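Each chain, letter by letter, is given below.
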Amino acid sequence: MTESPQGHTDDRVAVVTGAGQGIGRAIAVALAARGVRVVVTDRNAETGTAVAKEVGGDFLSLDVSDPRAVAGVAGEVVRRFDRVDVLVNNAGIAHEDDALDVTDEVWHRVLDVDLTGTFVACREFGRHFVRRGSGSIVNISSIAAFIGSNPEYHVAYDVAKAGVSQLARSLAVEWARYGVRVNAVAPGRTRTPILDTVGMDDPRRMTQWIDQIPLGRLLEAEEIAAAVAFVALDATAMTGQTLLVDGGQIAQ
Ligand SMILES: NC(=O)c1ccc[n+]([C@@H]2O[C@H](COP(=O)([O-])OP(=O)(O)OC[C@H]3O[C@@H](n4cnc5c(N)ncnc54)[C@H](O)[C@@H]3O)[C@@H](O)[C@H]2O)c1
């Protein structure tokens, strides 16, 4: 395999949303390690630019809850590289509220970013994949798609993530004839800044979380990223699936 001056040993171009930190950053690193050219996107330009530098890729600013911006970035990637092969819909936000306290604003914000943002990116990048007759999408779901989350409650997040897994099923069936695969990866509780928003600094809660995980520890972002790289690049017969990477939580 020949290596480009930037160290890309694979012609493929992958776009990762919300890649400025946490699981998204680890996914960008894992894909770049496979030689793929990675386009890092995030609403945070500072962290996104740093990760792009780290992986020898490009940064494009993107808030996934802005449909016009998503369409613009899809077009820009194709203009710049003349191709796009992989989309990882990773950008997401969490919340913690008892259901009776979930305001309309919180409900819409979480659904806008986590579910609608994922759908719009599938649609806008999907246009290019369908036209080209190939493409691989991985949506980052969650164990929350399969359970009523506890001890912290976040019904809007749970519903959004169930939708993210359903998008993989619906779009996989619709786009299989165009050679486009659509899957999801559902992490269990993973040590990243998002857990700060649901109580990572509370030792009692940490004990409760770990008690729910048969492996007996939180997961690391790199462990999720390895599964995403496998699904995105290697699992050529897999489509419409959600791969749980949860330390055994859902199995018990
Ligand atoms: N950490 C966990 O325990 C866990 C478990 C299951 C699923 N997930 C999912 O994994 C994904 C990544 O989470 P993380 O733990 O790395 O969280 P994180 O908060 O560490 O990182 C999220 C990233 O997404 C970006 N982002 C947020 N809103 C955005 C928007 N509107 N547009 C573009 N970028 C935006 C942030 O700037 C940040 O870089 C999320 O979809 C999350 O729901 C996380």
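As annotated in an unreviewed UniProt entry, the chain carries the name SDR family oxidoreductase and comes from Streptomyces prunicolor. Database annotation for the chain, UniProt heading Sequence similarities (unreviewed entry): "Belongs to the short-chain dehydrogenases/reductases (SDR) family."

K.L.:
An account of the overall build of the chain is requested, with residue identities and associated values reported.
P.N.:
When its secondary structure is counted, the chain shows 7 helices and 7 strands. When the helices and strands of the chain are listed from N to C terminus, the series reads β-α-β-α-β-α-β-α-β-α-β-α-α-β. Dimensions of the chain, computed from C-alpha atoms along their principal axes, come out at roughly 50 × 35 × 30 Å. Evaluated residue by residue, the chain yields a buried proportion of 53% over its 252 residues. Taking contacts inside the chain between residues at least 6 apart in sequence as the whole, the part at least 24 apart equals 70%. When the accessible surface of the chain is totalled, it reaches about 11,300 Å², and 51% of it is carbon and sulfur. Averaging the positions of the 24 positive and the 33 negative side-chain charges in the chain gives two centres separated by 7 Å.

K.L.:
Pulling in residues and values, what's your account of the site of the ligand?
P.N.:
The local shell around the ligand holds 28 residues, among which Asp42, Asn90, Tyr157, Thr190 and Thr192 are the closest. A distance of 2.8 Å is found between an oxygen atom of the ligand and a backbone nitrogen or oxygen belonging to Ile23. Between the ligand and Tyr157, the relevant distance is 2.6 Å, taken from an oxygen atom to a side-chain nitrogen or oxygen of the residue. Expressed as a share of its isolated accessible area of 830 Å², the protein-covered part of the ligand is 95%. Elements with a contribution of two residues or more to the shell around the ligand: helix H1 (22-33) and helix H5 (155-175). Class assignment of the residues belonging to the shell around the ligand gives a composition of 12 nonpolar, 11 polar and 5 charged.

K.L.:
If you had to explain the nonpolar core to someone new, which residues and values would you point to?
P.N.:
If you look at the biggest cluster of nonpolar residues, it comprises 36 residues, and the most contacted ones within it are Val77, Phe125 and Val182. Sequence-distant contacts of Phe125, defined by excluding residues within four places in its chain, comprise Val15, Val70, Val73, Ala74, Val84 and Leu87. One finds Ile27, Val40, Val86 and Ile140 within the second-largest nonpolar core, a separate group that totals 35 residues.

K.L.:
For helix H4 (residues 104-132), give the residues involved together with the corresponding values.
P.N.:
Compared with the 42 Å implied by 1.5 Å per residue over 29 residues, the 40 Å span of H4 between its first and last C-alpha is a close match. By the largest-angle criterion, Asp112 marks the main kink of H4, which is about 40°. Gly133 occupies a position one or two residues after H4 and carries a positive phi of about 80°.

K.L.:
Please set out the packing of H4 against H5 residue by residue, giving values where relevant.
P.N.:
For any two helices packed against each other, the geometry is given by the interaxial angle and the distance between the axes. Relative to each other, H4 and H5 sit at 15°, their axes nearing to 8 Å. Judged by the angle between their axes, H4 and H5 are roughly parallel. Handedness of the H4/H5 crossing: right-handed. Mapping the contact onto sequence places Trp107, Val110, Leu111, Asp114, Leu115, Thr118, Phe119, Cys122, Arg123, Gly126 and Val130 in H4 and Val155, Ala156, Tyr157, Val159, Ala160, Lys161, Gly163, Val164, Leu167, Leu171 and Trp175 in H5. By residue class, the composition of the contact of H4 with H5 is 16 nonpolar, 3 polar and 3 charged.

K.L.:
Lay out the pairing of strand E3 (residues 58-61) with the relevant residues and their values.
P.N.:
The sheet contact formed by strand E2 (residues 37-42) and E3 spans 4 bridges and is parallel. Along E3, the bridge assignment pairs Thr41 with Leu60. A crossover links E2 with its parallel partner E3, the connecting element being helix H2 (residues 45-55), and its sense is right-handed.

Quick notes on the rules
Residues numbered from 1 in each chain as written. Predicted model: local features only at pLDDT ≥ 70, side-chain atom pairs only at ≥ 80, totals over all residues. Heavy atoms only, no water. UniProt positions renumbered as here; feature names shortened; annotations may be inferred. Helix = DSSP H or I, 4+ residues; strand = E, 2+ residues; numbered from the N terminus. Buried < 20%, exposed > 50% of the residue type's maximum accessible area, 1.4 Å probe, protein only. Contact = heavy atoms within 4.5 Å. Areas by Shrake-Rupley, 256 points an atom, 1.4 Å probe, with all protein chains shown as cover. Lys, Arg positive; Asp, Glu negative; His and termini not counted. Charge placed at Lys NZ, Arg CZ, Asp CG, Glu CD. Near = heavy atom within 4 Å. Polar contact = N/O pair within 3.5 Å; in protein donor to acceptor, adjacent residues only side chain to side chain. Nonpolar A, V, L, I, M, F, W, Y, C, P; charged D, E, K, R; others polar. Core = buried A, V, L, I, M, F, W, Y, C linked by side-chain atoms within 4.5 Å. Expected span 1.5 Å × (residues − 1). Bend = angle between axes of the 7 residues up to and from the residue. Axes fitted to C-alpha atoms, helices over the stretch in contact; angles between N-to-C directions. Parallel < 35°, antiparallel > 145°, perpendicular 65-115°, else oblique. Left-handed = near helix turned anticlockwise from the far one by under 90°. Pairing = 2+ DSSP bridges. Right-handed = clockwise from strand over helix to strand, strands pointing away.

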